[in-house]
Amino acid sequence: MIVKQAPRIVLLWAVLSAVLLQLLYASSESSLRTALAQQLRQHLFLTVGEGYFNSSGDTANDATALQRIGANLNQALAGVVQPRWYSAYGQCSVRVLAIDGVAIEGATAAASFAILLPRNQREREFVIGYECEPRYRTGLLLVGLLGLLFWVLYRQLPAPMSQAHRFWMNYLLAQGYQGDAAFGILRAFGASQLRLGAEREQLLQQLHDPGKANFGPLLQLFNDARVARFNSHQMQWLQLGLERGGHEAAIALAEAEDALMIDLSTLSVNVHGLPVPMGGTPLFYYAWYALRRKEGEGWVSNPPSNRPDLARGAELAALMERFGGHGRAINDLEKGGLKAKTLDQNRSRIKEELVRVLGESLAANYLFEGGRGPDGVLMRYRLALPPERIHVQL
């Protein structure tokens, strides 16, 4: 499914909370200093006369008077800051630390700023100190509100799609799906579930039928633990099974033994767990080749065109007669023997039946391989399937 990255959201919330808290306290302190500077500038201008200051660098200030003025100012500043309920800082103490280079006795502070005031033809520096207690509940309230906002966004906004989600979204849209419908299908799958590999992606697109709306079920099938273990050969059988029936039947076909089963008592052929309808005479030739393959190498050479094989003809005729083969075919074999033309014709008919049901690729393992015999003249053929995968029920 499309998973929202909760740890990333929490990390982002924590980082933004730290940044906002820093900005909150920094901006509150800056605002406090600006407000104090404006308020104190006017107060100092009215209360501190020019006579306390020298008019040049050669004359000293009246330090005693400035000390007294500073002490009086500090008493007056005791309650100058009245924080509001939402302020980032609570109680603040403000005091004058120095006046034009004259330090006020006993006045200390954690932070300070300067106010320049024109007095007696020169700019005089008043150093104002302050200390404030942080009000943590304001910061916690801000962090909590930010967390609530993130939670609402996390609940309401869809998770970002992975590259795999975007790939299949574009594919479904190109197939005529509406956006909501396509998203509804893909949201149930994780990115890893959508990365099927080139071969399986191609197979999925081949099997997908927008008219049947089978994309979602096919994705579920391809993510089935059993199907995930299939090799390329098994996937071909799965495809064949899906074209013929339901998902469970297709999985069973892909998992079936890669074997040939011929039951002469019922005149039936079963390939890899799949019944293959086959006419009587080709079925007997198929069974005869299978029996020869089980005996060993299984090579059967085509007789010369001018000399049919009477012994093998009688052998095949006896097999057909035992299990109800066609009378005319039996009679031809008994009287005329086994001919190369007849062998070629029945191998072709066997191939037609297998290819019709299995397709060229899957049928190949159950067909014939051939080449020149030891004499270098006559052609010989045998079943390509190894003996241990061939079962003939007599």
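What counts, and at which threshold
- Residues numbered from 1 in each chain as written.
- Predicted model: local features only at pLDDT ≥ 70, side-chain atom pairs only at ≥ 80, totals over all residues.
- Heavy atoms only, no water.
- Pairing = 2+ DSSP bridges.
- Helix = DSSP H or I, 4+ residues; strand = E, 2+ residues; numbered from the N terminus.
- Buried < 20%, exposed > 50% of the residue type's maximum accessible area, 1.4 Å probe, protein only.
- Contact = heavy atoms within 4.5 Å.
- Axes fitted to C-alpha atoms, helices over the stretch in contact; angles between N-to-C directions.
- Phe/Tyr/Trp six-rings, centres within 6.5 Å; stacked < 30°, edge-to-face > 60°.
- Disulfide = S-S within 2.5 Å.
- Parallel < 35°, antiparallel > 145°, perpendicular 65-115°, else oblique.
- Left-handed = near helix turned anticlockwise from the far one by under 90°.
- Salt bridge = Lys/Arg side-chain N within 4 Å of Asp/Glu carboxyl O.

1. A word on the pairing of strand β10 (residues 379-383)
Looking at chain direction, strand β8 (residues 300-301) and β10 are connected through two bridges and run antiparallel. Bridge pairing in β10 links serine 301 to arginine 380. Note: strand β9 (residues 368-372) against β10, five bridges, orientation antiparallel. Within β10, the position partnered with glutamate 369 by the bridge is arginine 382. In this antiparallel pair of consecutive strands, β9 and β10, the connection spans six residues, and glycine 376 shows a positive phi of 75 degrees.

2. Considerations on the environment of glutamate 334
Within the secondary structure, glutamate 334 sits in helix α14 (residues 327-336). Relative accessible area serves as the criterion here: at 46%, glutamate 334 is assigned to the partly exposed category. Sequence separation of glutamate 334 and asparagine 231 is 103 residues, and the distance between their C-alpha atoms is 47 Å. The contact partners of glutamate 334, leaving out residues within four places of it in the chain, are Ala317 and Glu321.

3. Details of the sheet that holds strand β4 (residues 122-134)
Picture the strands of a sheet paired through backbone hydrogen bonds; they go either parallel or antiparallel. Sheet architecture is open: four strands sit in the order β2-β1-β4-β3, paired in antiparallel fashion. Either end of the sheet is taken by a strand with one partner, and the two such strands are β2 (102-103) and β3 (111-119). Bridge count for strand β1 (residues 89-99) against β2 is two bridges, and the pairing is antiparallel. If you follow isoleucine 99 over to β2, its bridge partner there is valine 102. Packed on one face of the sheet, helix α2 (residues 63-76) meets β1 and β2 and runs near 170 degrees to β1.

4. Digging into the packing of aromatic side chains
What the rule picks out here adds up to 10 aromatic pairs. Both rings, one in phenylalanine 167 and one in tryptophan 168, keep their centres 4.9 Å apart while their planes meet at 80 degrees; by these two values the pair is edge-to-face. On the basis of relative accessible area, phenylalanine 167 is assigned to the partly exposed category, the value being 38%. Tryptophan 168 gets classed as buried once you look at its relative accessible area, which sits at 0%.

5. Notes on the pairing of β3
Strand direction decides the pairing type here: β3 and β4, joined by nine bridges, are antiparallel. Bridging across to β4, arginine 119 finds its partner in arginine 122. The hairpin turn running from β3 into β4, its antiparallel successor, is two residues long, and asparagine 120 in that turn takes a positive phi close to 55 degrees.

6. Things to note about the state of the cysteines
Enumeration over the complete set of coordinates arrives at one disulfide. Each sulfur in the disulfide pair cysteine 92 and cysteine 132 lies 2.0 Å from the other. Disulfide cysteine 92 to cysteine 132: torsion about the S-S bond roughly 120 degrees, handedness right-handed. Separated by 40 residues along the polypeptide, cysteine 92 in strand β1 and cysteine 132 in strand β4 bring together distant segments of the chain.

7. Here we look at the packing of helix α4 (residues 163-174) against helix α7 (residues 198-207)
The interhelical angle for the contact between α4 and α7, taken along N-to-C directions, is 25 degrees, at an axis separation of 13 Å. On the basis of the axis angle, α4 is roughly parallel to α7. At the point where α4 passes α7, the crossing takes the right-handed sense. Counting all contacts with α4, which are made through Phe167, Trp168 and Tyr171, the residues of α7 involved are Glu201, Leu204 and Gln205.

8. Description of the pattern of salt bridges
Per the counting criterion, the structure on display carries 10 salt bridges. Ionic pairing is found between arginine 124 and aspartate 100, a salt bridge with its closest N-O pair at 2.9 Å. Pair noted here: arginine 124 is in strand β4 and aspartate 100 is in the loop between β1 and β2, with a separation of 24 residues, a long-range link. Take arginine 124 and aspartate 100: they sit in the same class, and that class is buried. Here glutamate 248 and arginine 226 are joined by a salt bridge, their closest N and O atoms 3.0 Å apart. Within this pair, whereas glutamate 248 is found in helix α11 (residues 247-255), its partner arginine 226 is found in helix α9 (residues 225-228), the two being separated by 22 residues in sequence.

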